[in-house]
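Summary of structural features
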Amino acid sequence: MKQLLSSRPVLWFLFLFNLAVAAVAPFAVDGTQGVMTSVGMGVVSLGAGTALLRDRTRRQHG
């Protein structure tokens, strides 16, 4: 499962999808639930983006 989740296409999907949901959630869902959804999806998106950047630097140096 770890190998699947760390593949580049999956990381790109997680990054872009969660970023889009994080941007739309406060407008689609009212109140605290929308804000917390946005924060949670933003954290997942940042994690996927970080993994993409680490993989990129590993490929350049390796």
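Scroll up a little and you will see the structure.
Predicted model, so just to flag it, every value in this text is computed and none were measured.

In this structure the tally under the stated criterion is 2 aromatic pairs. Both rings, one in Trp12 and one in Phe15, keep their centres 6.0 Å apart while their planes meet at 80°; by these two values the pair is edge-to-face. Taken as a pair, Trp12 and Phe15 lie in helix α2 (residues 8–28) at a separation of 3 residues, close to a single helical turn. For Trp12, a relative accessible area of 39% translates into the label partly exposed. For Phe15, a relative accessible area of 23% translates into the label partly exposed. For the ring pair Phe13 and Phe17, a centre distance of 5.4 Å and an interplane angle of 10° mean the geometry is stacked. Of this pair, Phe13 and Phe17 both sit in helix α2, 4 residues apart, roughly one helical turn. Of the residues examined, Phe17 reaches a relative accessible area of 41% and is grouped as partly exposed.

Thresholds applied
Residues numbered from 1 in each chain as written. Predicted model: local features only at pLDDT ≥ 70, side-chain atom pairs only at ≥ 80, totals over all residues. Heavy atoms only, no water. Phe/Tyr/Trp six-rings, centres within 6.5 Å; stacked < 30°, edge-to-face > 60°. Helix = DSSP H or I, 4+ residues; strand = E, 2+ residues; numbered from the N terminus. Buried < 20%, exposed > 50% of the residue type's maximum accessible area, 1.4 Å probe, protein only.

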